Amino acid sequence: VFSLLAILTLATIACSDHSKPQIENARIRLPPPGMQMAVGYFEIKNTTGQELVLNGVSGDNFESVEMHETVQDEGVSRMRERGQVAIPAGSSTNFEPGGLHLMLFGIKSELDTSQDALLRLQLTRGDGSKLEMPVRFRLGVAGEDALAR
């Protein structure tokens, strides 16, 4: 009985996929002086064996961070807040201009392009387990490529 229980426990552990997704091209465009809203972009690659759901993003340098999507509504581009974004196993999702993106409100401290900002992604795995991933985002200003430095 003990060896059967040990085998079942090991099989359960082996089947649990607690690997992390890959984050690439994480960058934030800072607003012109005097404005308090920035925008963030990145690619999330779900290299795990189960669906991931991005439930939220937070960062100490911002009062709030929201996920938004640009959609066409009767020929007009509109932004809509997204509470969650599902990333199927083995696929990737881009947060990019004109599509999904992060809106970062209320910049709390002076930020400049010589530093990075740390954001935390809150994810839920297909098995219900939670994952919080710290991600460093490069900072740039509108009209400048934050990845060029």
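Quick note: structure is the one above.
Since the model is a prediction, treat every value here as computed from it, not as a measurement. (Residues numbered from 1 in each chain as written. Predicted model: local features only at pLDDT ≥ 70, side-chain atom pairs only at ≥ 80, totals over all residues. Heavy atoms only, no water.)

### Here's the deal with the environment of Val 53
By secondary structure assignment, the location of Val 53 is in strand S3 (residues 52-59). Considered as a pair, Val 53 and Val 85 are 32 residues apart in the sequence and their alpha carbons are 5.6 Å apart. Once you skip the residues sitting within four places of it in the chain, Val 53 turns out to touch Gln 84, Val 85, Ala 86, Gln 122, Leu 123 and Thr 124. (Helix = DSSP H or I, 4+ residues; strand = E, 2+ residues; numbered from the N terminus. Contact = heavy atoms within 4.5 Å.)

### A closer look at the pattern of salt bridges
Scanning the entire structure with this criterion turns up six salt bridges. For Arg 78, the salt bridge is made with Asp 73, and the minimal N-O distance between the two is 3.2 Å. Under the relative-accessibility criterion, Arg 78 is labelled partly exposed at 40%. Salt bridges linked by common partners bring Asp 60, Arg 120 and Glu 132 together as one network. (Salt bridge = Lys/Arg side-chain N within 4 Å of Asp/Glu carboxyl O. Buried < 20%, exposed > 50% of the residue type's maximum accessible area, 1.4 Å probe, protein only.)

### Concerning the environment of Arg 120
Among the structural elements, Arg 120 can be located in strand S9 (residues 116-125). C-alpha separation for the pair Arg 120 and Val 135, spaced 15 residues apart in sequence, amounts to 6.1 Å. Filtering out sequence-adjacent residues up to four positions away, Arg 120 remains in contact with Gly 56, Val 57, Ser 58, Gly 59, Asp 60, Glu 132, Met 133 and Pro 134. Among the polar contacts listed, one links the side chain of Arg 120 to the side chain of Asp 60, at a separation of 3.1 Å. (Polar contact = N/O pair within 3.5 Å; in protein donor to acceptor, adjacent residues only side chain to side chain.)

### Section: the packing of aromatic side chains
Each pair of aromatic rings is reported with the distance of its centres and the angle of its planes. Throughout the structure, instances matching the rule amount to two aromatic pairs. Measuring from centroid to centroid gives 4.4 Å for Phe 42 and Phe 95, while their planes differ by 10 degrees, and the two rings are stacked. Here Phe 42, found in strand S2 (residues 37-45), pairs with Phe 95, found in strand S7 (residues 92-95); they are 53 residues apart in sequence, far enough to count as distant. The class for Phe 42 is buried, based on a relative accessible area of 2%. The class of Phe 95 is buried, set by a relative accessible area of 1%. Geometrically, the ring pair formed by Phe 42 and Phe 137 is edge-to-face, given 5.8 Å between the ring centres and 80 degrees between the ring planes. (Phe/Tyr/Trp six-rings, centres within 6.5 Å; stacked < 30°, edge-to-face > 60°.)

### Focus on the nonpolar core
Formed by 29 residues in total, the largest nonpolar core has its most connected members in Ile 28, Phe 42, Leu 54, Phe 62 and Leu 102. Elements with a contribution of two residues or more to this core: strand S1 (22-30), S2, S3, strand S4 (62-73), strand S6 (85-87), strand S8 (100-107), S9 and strand S10 (130-141). Residue contacts for Phe 62: discarding those within four places in its chain leaves Ile 28, Ala 38, Leu 104, Phe 105, Gly 106, Ile 107, Lys 108, Leu 111, Ala 117 and Leu 119. (Core = buried A, V, L, I, M, F, W, Y, C linked by side-chain atoms within 4.5 Å.)

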